[in-house]
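Structural overview
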Amino acid sequence: GTTLFAQTNIPVTRFTLPNGLQVWLHEDHTRPEIFGAIVVNGGAKLDEADATGMAHYLEHMLFKGNHEIGTTDYASEKIYLDKIDSLYEQLGKTTDKDQRKIIQLAINEQNKLAASYAVSNELNSLLNSIGSKNINAFTTHDKVVYHNSFPPHQVEKWLKLYSHRFMNPVFRLFQSELETVYEEKNRAVDDMSYRLISDFEKSFYKVHPYGQRDILGEVEHLKNPSLITVYRYFNTYYVPNNMALVMSGDFHSETIRPLIEEKFSSWQYKELPPRPIYEEKPFGGKEIIRGRYVPVKVGLVGYRTVPMGHPDEASLLVINDMLSNQNETGLWDKLSLENKLMYAGMETDIQVDYGKTMLFFVPKIVGQSLKRAESLVMEQLDKLKRGDFDDAFLESIKLNLIRQYQLGYESNYRKAMMMADAFVSNTCWEDLVGIPEKIQAIDKTTIIQKANQYFGENRLILYSKMGFPKKNKLDKPPFTPALAKGKESAYGKSFREAPEPDAIPRYVNINSEVTTLQVKPLVTIHQVKNPVNNIFNLEVRYGTGRLIDEKLPMLGTMLKYAGTDNLSRDDFKRELGNLATTYDFYTSDVNFSMQLQGFDANLKESLLLAGQLIGKPLFNEKGRKNAVSFERFERRMEKKDINEKSFLLSQYQQFGEASYYLNRMAVKEMKKIPFDELTASLQQVRQHEIRIFYTGNLPADSVQKWVENYLLTIQPTLPSRKDVRPLRKTSENELLLVNDKKAVQSQLYLLINSGIPRNPDKQPNISAFNQYFGSDMSSLVFQEIREFRSLAYSASARLFNGSVEGNPAFLSAYIGCQADKTYSAMETMTALIHDLPQKPEQIDIIKKSLAQSSAMARPFFRQLGQTVYNWQWNGYEQDPNIGWVKAYENLTFDSITDTWKNYIYQQPISFAVAGDKKKMKPEQLSTFGTIKELKLSDIRKK
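Residues numbered from 1 in each chain as written. Predicted model: local features only at pLDDT ≥ 70, side-chain atom pairs only at ≥ 80, totals over all residues. Heavy atoms only, no water.

Digging into the overall build of the protein
For the record, the criterion: Numbering of helices and strands runs from the N terminus; a helix is a DSSP stretch of H or I covering at least four residues, while a strand is a stretch of E covering at least two. In this description the radius of gyration comes from C-alpha coordinates, and the expected globular size is given by 2.2 Å times residues to the power 0.38. Any two residues whose heavy atoms approach within 4.5 Å at even a single point are treated as in contact. The Shrake-Rupley method, run with a 1.4 Å probe, gives the accessible areas here. Residue values count only the displayed protein chains as cover. This count recognises Lys and Arg as positive and Asp and Glu as negative, with His and chain-terminal groups excluded. For charged residues, the charge sits on one atom: NZ in Lys, CZ in Arg, CG in Asp, CD in Glu.
Counting its regular elements, the protein contains 40 helices and 25 strands. Here the C-alpha atoms of the protein give a radius of gyration of 28 Å, agreeing with the 30 Å that 2.2 N^0.38 yields for 942 residues. Across its three principal directions, the C-alpha atoms of the protein cover 80 × 65 × 60 Å. Across the protein, the fraction of contacts at a sequence separation of at least 24, relative to all contacts at a separation of at least 6, is 85%. For the protein, the accessible surface area stands at approximately 36800 Å², while carbon and sulfur atoms represent 51% of it. Put simply, the protein has 118 plus and 114 minus side-chain charges, and the middle of one group is 6 Å from the middle of the other.

Rendered as structure tokens:
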């Protein structure tokens, strides 16, 4: 038996301030990063029934600052903001269309006046100035979480800013943010699964807000938001006795405790109103709903289970995995492996008040009914309820689950979210981190008992036939942008100028932290120690990919369904499952790789099995049928899904006829290809250069010996292949268009080929340009397109320094917006490219932000081998952050404008747009270049 509990002890320091704020701290010194979050107990479930979506609105508004952050003169600004509040109340009571338009325009006028005092996105800029990453927030039914990671030496400033941001918030620039939330709602409407799940939830939770309050809000409520309702939510629930501060990372609890007490004690305790209790009755037997949601038939079955923190949570996790798991050894996995149906899987959704298990199944595309697929799935569930399985299977499932838990403990984000869950569900921390021990103790009797207890006759089932629901979309409101005119608040200035400790970078020492072994010519092992537990990762990467052989993606899938010359497919999967090792194959443009993950103690046996699979795979017709039906499903989605179409179009925009999607295998070729051709492809793959990336704690010579014995039965003779496709360059502006009359959103990609080859010395300037122009929330693209004009929910742009293989540097940009905003969004983006706005005052924040991020940019240990190899491939002899930090000190605003002039200015622009042509008004779009309308067959092979 492998020793598994190397790391179930996740010590947490917990204390509560006199005002009721709970503090949860977990120290993890494996890398120089702290992840910090503020958690509010209760999210969308606390929305008022006639004002849904307000908890989520509030989450957006809390990035706008308060009476000190985000304003140059709050007293003057407040006069206009108060008028806006009362106009919104009026709007909520007005139904006449013309009258509403008049009020909206009046709001717009006041908004423009208020904006002359606003400092746009100042909170983000201040977080950037201390080297923060992943600045974000999210709302669920049970909680709202505001979070980011930051360098350890900035902990005092981070605490100062996070304690201040929730005091006296001001909902400035509300009108444009409202529009941004509309955009988020529209994106959801274009996502096929969104309506399917939300309709299912409405019938599953008939009274509880989990089903009755959409987190994003009902369209009618979004059109009539009341600022007073939003403030009421804030004043009621954003109180310290309903909130927690959670932190995981590189700090010392006893050092930061006095800082936390000092910064957060000024929050005022407030009595909370009693929470309503919603009683969901059990289902009366099998309840059925029907609809048409997605382009294939789908069935969903829901069972009521347990809320968070319940002792049966561990048993339910094991039952789930016995039906369907990563190793594909579950009872349902076998159904799809045997090609008896297309897919069956399940998801446990355990929330604070209730829990459910949802199982979903997809019948075969041709000739299988939903009823038939359902009965197959239920037969397997009955097997479990009867105890028709052996102990070895149960043990392997438990071992795999424990491995997944331990992997979760490696991430500061994951541990912080566990603390957040424990806080909102009032679960004892020891119980939560004790789940692996509970899993270890589960036996066959428990499984039979719990399966019968929770998966009985009472259930909800949704049958979805092929088709689409009608989309309800929000129209573009009649207003002109309110541009924030303020440069910096007094608070912002003093925050930035306050003294702070020096960064303590922990750069990677390439030579001592990665052991590189040349095993044979063209075979190299890169080994990294695992500082945390005894779980290994091993990637075998061959230097050839799908651009060289279009059969490789199918080969990868077929290997997942193959057996070996002495083990059937199911036996092979079971043997690896018993070792708690997962395996997968990935194909990229120029690489083909096999990835294994499991316990170090089982590495030798795992490599022995993996070697048998790539040495002598036995392909079978059932595997082919699976590969074909999955591919057919994927390609059907490409036809219907606007995101897929726009991605295919962007590939065509970059590579034209050389796009992989025009040269891949057609489904009809996959149906016919002889297995010996796949075997020949695999032999060819194995003749290319091999790099093995191993993260784990076994001695290098053992790993080398096993690799030689099991994986190198063919000696590679061919070097790694390169992507030699040239990036398309247009001589004049162009607009590539794919029409989709069902899409609510337009998806837009922009490409500028600079023609300038890669120059590593220019990287610091390019990074500075990206931060200024388009790669984060404080950038021009985000500000101008989303913040001021609300033209899109997501908008970004990034300049890429050319590739080692010789492709030039290029600018790539993306915008997702309502179809009727496409023209305005493109116009704004083009204006930024043609005439770069000059804000030299931002250079200090940019320099500091880049230097701080570089000091914290240490790669996660599991990716360290690959990252170092990439650095070397790109010509760096040491951790490039060392040189970059020095280079950032010498940046000036000219570094940004020169980069713009050299790489982007006056270059022809290629636009690629997928969406509803009629709503975009093609006659307007033609001002951006020659329109070339493409059919799907022009950009993909079926």
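Section: the pattern of salt bridges
Under the convention used in this document: The salt bridge criterion pairs a side-chain nitrogen of Lys or Arg with a carboxyl oxygen of Asp or Glu, the two atoms within 4 Å. Residue exposure (1.4 Å probe, protein chains only): buried if accessible area is under 20% of the type maximum, exposed if over 50%, otherwise partly exposed.
Overall, the coordinates contain 54 salt bridges when judged by the stated rule. Between Asp-421 and Lys-143 there is a salt bridge whose closest N-O contact spans 2.9 Å. Of the two residues, Asp-421 is situated in helix H16 (residues 412–425) and Lys-143 in strand E5 (residues 143–150); the sequence distance between them amounts to 278 residues. Each member of the pair, Asp-421 as well as Lys-143, is classed as buried. Two residues, Lys-356 and Asp-349, come together in a salt bridge whose shortest N-O distance is 3.0 Å. By relative accessible area, which is 22% here, Asp-349 ends up partly exposed. Taken together, the shared-partner salt bridges connect Glu-338, Arg-569, Asp-570 and Lys-622 into one network.

Digging into the pairing of strand E13 (residues 523–528)
Put simply, the test is: At least two DSSP bridges between two strands are required for those strands to pair.
Of all six residues in E13, six are buried; the element is thus mostly enclosed. By the alternation rule, side chains of E13 split into Val-523, Ile-525 and Gln-527 and Thr-524, His-526 and Val-528, which are all buried. Where strand E12 (residues 515–520) meets E13, five bridges bridge the pair, whose relative direction is antiparallel. Bridge pairing links Lys-520 to Val-523 in E13. Looking at chain direction, E13 and strand E19 (residues 690–695) are connected through six bridges and run parallel.

A short note on the pairing of strand E9 (residues 343–350)
On any regular strand, side chains alternate: one points to one face of the sheet, the next to the other face. As paired elements, E9 and strand E10 (residues 355–362) share eight bridges and run antiparallel to each other. Bridge pairing in E10 links Ala-344 to Phe-361. Counting the residues between successive antiparallel strands, the hairpin from E9 to E10 contains four residues.

Points about the side chain of Asp-600
Formally: N or O atoms closer than or at 3.5 Å make up a polar contact, with two conditions inside protein: a donor-capable atom paired with an acceptor-capable one, and, for residues adjacent in sequence, both atoms drawn from side chains.
Among the secondary structure elements, Asp-600 is positioned in the loop between strand E17 (592–599) and helix H24 (603–615). No salt bridge is formed by the buried Asp-600; the nearest opposite charge belongs to Arg-862, separated by 8.1 Å. Engagement of the side chain of Asp-600 in a polar contact is seen with the side chain of Tyr-694, the distance being 2.8 Å. Those residues in contact with Asp-600 that lie beyond four places of it in its chain are Asn-534, Phe-536, Tyr-694, Gly-696, Asn-697 and Leu-698.

Describing unusual backbone geometry
Of note, the phi angle at Asn-168 is positive, near 50 degrees, even though the residue is not glycine. Here Asn-168 shows up in the loop between helix H5 (155–165) and helix H6 (174–190). Positive phi outside glycine occurs at Ser-790, with the angle close to 50 degrees. Of note, Ser-790 is situated in the loop between helix H32 (780–788) and strand E22 (794–800).

Observations concerning the sheet that holds E9
In a beta sheet, neighbouring strands are held together by backbone hydrogen bonds and run either parallel or antiparallel to one another. To be explicit about the condition: Interaxial angles span 0 to 180 degrees and are taken between N-to-C directions of axes, which are lines fitted to C-alpha atoms, for helices over the stretch in contact.
Taken in spatial order, the five strands make up an open sheet running E7-E11-E8-E10-E9, and their pairing is mixed. One side of each edge strand has no neighbouring strand; the edge strands of this open sheet are strand E7 (286–294) and E9. Pairs of neighbouring strands in the sheet enclose a mean axial angle of 20 degrees, with direction left out of account. Two elements, strand E8 (residues 298–304) and strand E11 (residues 459–466), share five bridges in a ladder whose sense is antiparallel. Residue Leu-300 lies in a different strand from E11, and its bridge partner there is Leu-462. Most of the contacts of helix H12 (residues 313–323) go to E9, to which it runs at about 170 degrees, and overall it touches E9 and E10.

Observations regarding the side chain of Asp-85
Here Asp-85 shows up in helix H2 (residues 74–92). Although Asp-85 is buried, it forms no salt bridge, and the closest oppositely charged side chain is Lys-78 at an N-O distance of 7.3 Å. Residues contacting Asp-85, with those up to four places away along its chain left out, are Leu-227 and Tyr-231.

Quick look at the confidence of the model for the protein
Test applied: As a per-residue quantity, pLDDT reports the predictor's confidence and falls between 0 and 100.
Taken residue by residue, the protein gives an average pLDDT of 92. The fraction at 70 or more is 98%. Within the model, pLDDT remains below 50 along residues 1–7, and this stretch shows 19 contacts once partners closer than five positions in the same chain are excluded.

As for the sheet that holds strand E25 (residues 930–933)
A sheet is described by the order of its strands in space; here six strands give the open sequence E22-E23-E21-E24-E20-E25, paired in mixed fashion. Since the sheet does not close on itself, it has two edges, and those belong to E22 and E25, each with one partner. The sheet shows a mean angle of 15 degrees between the axes of neighbouring strands, direction not considered. Summarising the sheet, E22 and strand E23 (residues 810–818) pair through seven bridges and their orientation is antiparallel. When the sheet's bridge partners are listed, Phe-800 is paired in E23 with Phe-810.

With respect to the nonpolar core
Operational definition: Here, nonpolar core means buried Ala, Val, Leu, Ile, Met, Phe, Trp, Tyr and Cys residues that are tied together by side-chain atoms lying within 4.5 Å of each other.
Ranked by internal contacts, the top residues of the largest apolar core, which has 83 residues, are Val-318, Met-322, Phe-361, Trp-429 and Ile-447. Non-local contacts of Met-322, meaning those with residues more than four positions away in its chain, are made with Gly-330, Leu-331, Leu-384, Phe-389, Phe-393, Leu-394, Ile-397 and Ile-447.

A look at the packing of helix H1 (residues 54–61) against H6
For clarity, the cut-off: Comment on the angle field: the value is read as roughly parallel under 35 degrees, roughly antiparallel over 145, roughly perpendicular from 65 to 115, and oblique elsewhere. Crossings are assigned a handedness: left-handed for a near helix turned anticlockwise from the far helix by less than a right angle, right-handed for a clockwise turn. Each residue is assigned to one of three groups, with Ala, Val, Leu, Ile, Met, Phe, Trp, Tyr, Cys and Pro labelled nonpolar, Asp, Glu, Lys and Arg labelled charged, and all others, Gly among them, labelled polar.
Between H1 and H6, whose axes approach to 10 Å, the crossing angle comes to 125 degrees. The angle between H1 and H6 places the two elements in the oblique class. Pair H1 / H6 crosses with right-handed handedness. Here H1 contributes His-56, Tyr-57, His-60 and Met-61 to the contact with H6, which in turn contributes Phe-174, Glu-177, Leu-178, Thr-180, Val-181, Tyr-182 and Glu-184. Its residues assigned to classes, the contact of H1 with H6 shows six nonpolar, three polar and two charged.

Regarding the packing of helix H22 (residues 552–560) against helix H29 (residues 675–686)
In the contact formed by H22 and H29, the axes pass within 10 Å of each other and the chain directions differ by 100 degrees. By the angle class used here, H22 and H29 are roughly perpendicular. Of the residues in H29, those in contact with Leu-552, Leu-555, Met-558 and Leu-559 of H22 are Phe-675, Leu-678, Ser-681, Leu-682 and Val-685. A breakdown of the residues in the contact of H22 with H29 according to their chemical character gives eight nonpolar, one polar and no charged.

Regarding the packing of aromatic side chains
To keep it simple, the criterion reads: Between the rings of Phe, Tyr and Trp (Trp by its six-membered ring), a pair exists once the centres lie within 6.5 Å; its type follows the angle of the planes, with under 30 degrees stacked, over 60 edge-to-face, and the other angles tilted. Both a distance and an angle decide whether a charge sits over a ring: NZ of Lys or CZ of Arg must be within 6 Å of the ring centre and within 35 degrees of the ring normal.
Applying the stated criterion across every chain, the model contains 42 aromatic pairs. Plain terms: the ring middles of Phe-166 and Trp-267 are 6.0 Å apart, the flat faces sit at 75 degrees to each other, and that makes the pair edge-to-face. Linking Phe-166 in the loop between H5 and H6 with Trp-267 in the loop between helix H11 (253–264) and E7, this pair joins segments that are 101 residues apart in sequence. Here Phe-166 falls in the buried class, since its relative accessible area comes to 5%. Judged by relative accessible area, Trp-267 falls into the buried class, the value being 6%. Relative to Trp-267, the ring of Phe-264 has its centre 5.1 Å away and its plane inclined at 75 degrees; by these criteria the two rings are edge-to-face. Owing to a relative accessible area of 0%, Phe-264 belongs among the buried residues under this scheme. Feature note: the residues Phe-63, Tyr-146, Phe-150, Trp-158, Tyr-162, Phe-166, Tyr-233, Phe-234, Tyr-237, Tyr-238, Phe-264 and Trp-267 constitute an aromatic cluster, connected by ring pairs. The ring of Phe-15 is capped by Arg-257, whose NZ or CZ atom sits 3.8 Å from the centre of that ring.

Considering a positive patch on the surface
This is how it is decided: Here, patches come from residues exposed beyond 30% relative accessible area and free of salt bridges, joined within 9 Å for like charges and within 5 Å for nonpolar side chains (Val, Leu, Ile, Met, Phe, Trp, Tyr).
Together, Lys-639, Lys-640, Lys-668, Lys-671, Lys-672, Lys-741, Lys-742, Lys-918 and Lys-942 give the surface a local cluster of positive charge. Those elements that place two or more of their residues in the positive patch are helix H25 (621–640) and helix H28 (667–672). For the positive patch, the leading source of residues is H28, giving three residues.

Examining the environment of Leu-196
Looking at the element boundaries, Leu-196 is found in helix H7 (residues 192–204). Exposure remark for Leu-196: the relative accessible area of 7% places this residue in the buried category. With 268 residues separating them along the chain, Leu-196 and Ser-464 place their C-alpha atoms 8.2 Å apart. Apart from the residues within four sequence positions on either side, Leu-196 is in contact with Tyr-293, Leu-300, Leu-462 and Ser-464.

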